[in-house]
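# Understanding the architecture of this molecule
Here are the chains, one letter per residue:
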Amino acid sequence: MPELPEVETLRRGLATTLVGRRVTAVTVHERRLRRRVASSFEAALLGRRIEAIRRRAKYLLLDLDDGAVWLVHFGMSGTLVVLPATAPRRVHTHVVVAFDDGRTLHFHDPRRFGLMRVGRAAALSELDALGVEPLEESFSASFLHATAHRQRRAVKSLLMDQRLVVGIGNIYASEILFAAGVRPSRRTSRLSRADAARIVAATSAVLAEALAARGSSISDYRDERGEPGAFQKRFRVYERAGAPCARCGVVIRRTVIVGRSAFYCPRCQR
DNA sequence: ATATGCACCTGTGTGC
DNA sequence: TGCACACAGGTGCATA
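Residues numbered from 1 in each chain as written. Chains lettered and ligands numbered in written order. Predicted model: local features only at pLDDT ≥ 70, side-chain atom pairs only at ≥ 80, totals over all residues. Heavy atoms only, no water.

## What to know about the overall build of chain A
Looking only at helices and strands, chain A features six helices and 10 strands. For chain A, the C-alpha radius of gyration of 20 Å lies close to 18 Å, the compact-globule estimate for 270 residues. Each of the three principal axes of chain A carries a C-alpha extent, and together these read 55 × 35 × 30 Å. The buried share among the 270 residues of chain A stands at 53%. Taking contacts inside chain A between residues at least 6 apart in sequence as the whole, the part at least 24 apart equals 62%. (Helix = DSSP H or I, 4+ residues; strand = E, 2+ residues; numbered from the N terminus. Rg over C-alpha atoms; globule rule 2.2 N^0.38 Å. Buried < 20%, exposed > 50% of the residue type's maximum accessible area, 1.4 Å probe, protein only. Contact = heavy atoms within 4.5 Å.)

Here it is, written out as C-alpha cells:
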C-alpha cells in the first residue's frame, strides 16, 4: 500500500504522539506476516521508550532507548493507527502496542504482506541493498541517466526498483512519468539526458504534491489518526484508463509492465 | 549479472 | 444469489 508519501505522512504524525512514550504492553494476535513475527518481539519492545521515528524507503524505523530499532513495513494493506486503550481490535489487527499515556497503536494488515521486527540497526538486512532517497540530491539527472543507460528494461520498472531509488511504487511511478512526459514502456537505454532530468524534476514535484495532500487513499491507507489522504483526487493517470487526459483530452490507456498496471497518456508521453 | 514470473494473502468488483 | 476471475500503494526468491 503505502509508498513514500504515505509512509512519510505516517512518520510525521506518529512522531508527534509517540516520541518520548514508553511501551507498557505488547500483544501479537497473528505472527504470520510476510516474515513470522519473532517470539522475542514482545520482550524486545516491552519497557522501551521511543526516542525518534525515521523513514528509510518505505520502511518506518522507530529508535528505541536501548539502541535497537523497531522496523515496520506496510506491504500492500498495512496501517498503523493510534487509538484509545479501550478501542476494540479489528479482524486483521495483528499487533497492538500500548503506551504509558494510555494510548495504543494498532497494526492492521488484511493481506499480511507487512513486516514487524526489532533488531540492532546493523542486523536489519532489509535495509542493506536499498538505493538512493528520491528527494535527496543523490537522485540526480546524471545518476539516473548513467544507471538507465546501462540497462534496457522499461523505465517504469527502473523507477520502482528499490535497489536504485526507493519509495516509488505503482501509483507514483505512473504519475511521475506522466509529469515527465515519458512513456512507462520506454527502454531505459533510450532515455536521453533531458528525459532523465525531467524525470528527476517530476519525481520531486509529484512526491512533494502527494506529501502536501497527505498521501493517496485508494482503499486501505489511513494516517495515524485514521484519516485518508487526498492525493487520489489529483491522479492524472493512475486508475484513469478510459478517461480523458486533463492536459490534452486524449483517452488515458492502461497497459501491463512487469506484471503491474501502468497508466499513461499516449499523446503527452512519448 | 540481469530480467521476468510467481508466490505470498484477503477483499472487492465485474460479468455470467 | 452464487460463482469464477481479475485485480489491488510490495517484495523476495526461483527461474530463464
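## A word on the nonpolar core
Core analysis: the largest hydrophobic core is formed by 37 residues, its most contacted members being Y172, I176 and I199. Secondary structure elements with two or more residues in this core: α3 (141–149), α4 (155–159), α5 (170–180) and α6 (193–212). Not counting residues within four places of it along the chain, the set of residues in contact with I199 comprises L144, V155, L159, I176, L177, A180, V182 and L191. Counting residues in each nonpolar core, the second largest holds 29 residues, with L33, V37, W70 and M116 among its members. (Core = buried A, V, L, I, M, F, W, Y, C linked by side-chain atoms within 4.5 Å.)

## Focus on the sheet that holds strand β3 (residues 59–64)
The antiparallel open sheet is built from four strands, whose spatial order is β2-β3-β4-β8. In the strand order of this sheet, the two ends are held by β2 (50–56) and β8 (115–120), each with one partner. Each strand axis lies, on average, 20° off the axis of its neighbour in the sheet, ignoring direction. Judged from the six bridges that link them, strand β4 (residues 68–73) and β8 form a sheet pairing that is antiparallel. (Pairing = 2+ DSSP bridges. Axes fitted to C-alpha atoms, helices over the stretch in contact; angles between N-to-C directions.)

## Concerning α6
End to end, α6 covers 29 Å across 20 residues, agreeing with the expected 28 Å (1.5 Å per residue, within 8%). Inspection of α6 places D195, A196, I199, V200, A202, T203, V206, L207, A210 and L211 among the buried residues, and these make up the whole buried set. Taken around the axis of α6, the buried residues stretch over an arc of 170°, which confines them to a single face. Here the buried face of α6 lies against α1 (4–18), α3, α4 and α5. R214 sits one or two residues past α6 and shows a positive phi near 60°. (Expected span 1.5 Å × (residues − 1). Arc of directions from axis to C-beta.)

## Description of the environment of P110
Here P110 is to be found in the loop between β7 (103–108) and β8. When its relative accessible area of 29% is taken as the criterion, P110 is described as partly exposed. It is 8.2 Å that separates the C-alpha atoms of P110 and V91, two residues lying 19 residues apart in sequence. Ignoring sequence-local partners within four residues, the contact set of P110 consists of S77, H92 and D220.

## Some points on the protein's contact with DNA strand B
Every residue close to DNA strand B is listed here: R34, H92, P110, R111, R112, F113, Q151, R152 and R153. When the atoms of DNA strand B within 4 Å of the protein are sorted by group, sugar and phosphate make up 58%. Interatomic distance of 3.4 Å between a side-chain N/O atom of R34 and a base oxygen of DNA strand B. Taking R112, its side chain carries an N or O atom lying 3.0 Å from a sugar or linking oxygen of DNA strand B. Residue composition of the surface near DNA strand B, grouped by class: two nonpolar, two polar and five charged. (Near = heavy atom within 4 Å. Polar contact = N/O pair within 3.5 Å; in protein donor to acceptor, adjacent residues only side chain to side chain. Nonpolar A, V, L, I, M, F, W, Y, C, P; charged D, E, K, R; others polar.)

## Description of the domain arrangement of chain A
Annotation of chain A at the domain level lists domain 1 (4–127) and domain 2 (141–234). The gap between the C-alpha centroids of domain 1 and domain 2 is 27 Å. The interface of domain 1 with domain 2 comprises 19 residues on the first partner and 19 residues on the second. Summing the contributions of domain 1 and of domain 2, the shared interface buries around 1,500 Å²; its carbon and sulfur component is 67%. Among the residues of domain 1 in contact with domain 2, P5, E6 and T9 are the three that bury the most area, contributing 35% of the side total. Taken together, the links from domain 1 to domain 2 amount to zero salt bridges. Between domain 1 and domain 2 we count five residue pairs in polar contact (both at pLDDT 80 or more) in total. Within the residue set of the side of domain 1 that touches domain 2, elements represented by two or more residues are α1 and β5 (79–84). It is α1 that provides the largest number of residues to the side of domain 1 that touches domain 2, a total of nine residues. Of the residues in the side of domain 1 that touches domain 2, the class split is 10 nonpolar, four polar and five charged. (Domains from an automatic or database assignment. Buried area = accessible area lost by both parts, 1.4 Å probe. Salt bridge = Lys/Arg side-chain N within 4 Å of Asp/Glu carboxyl O.)

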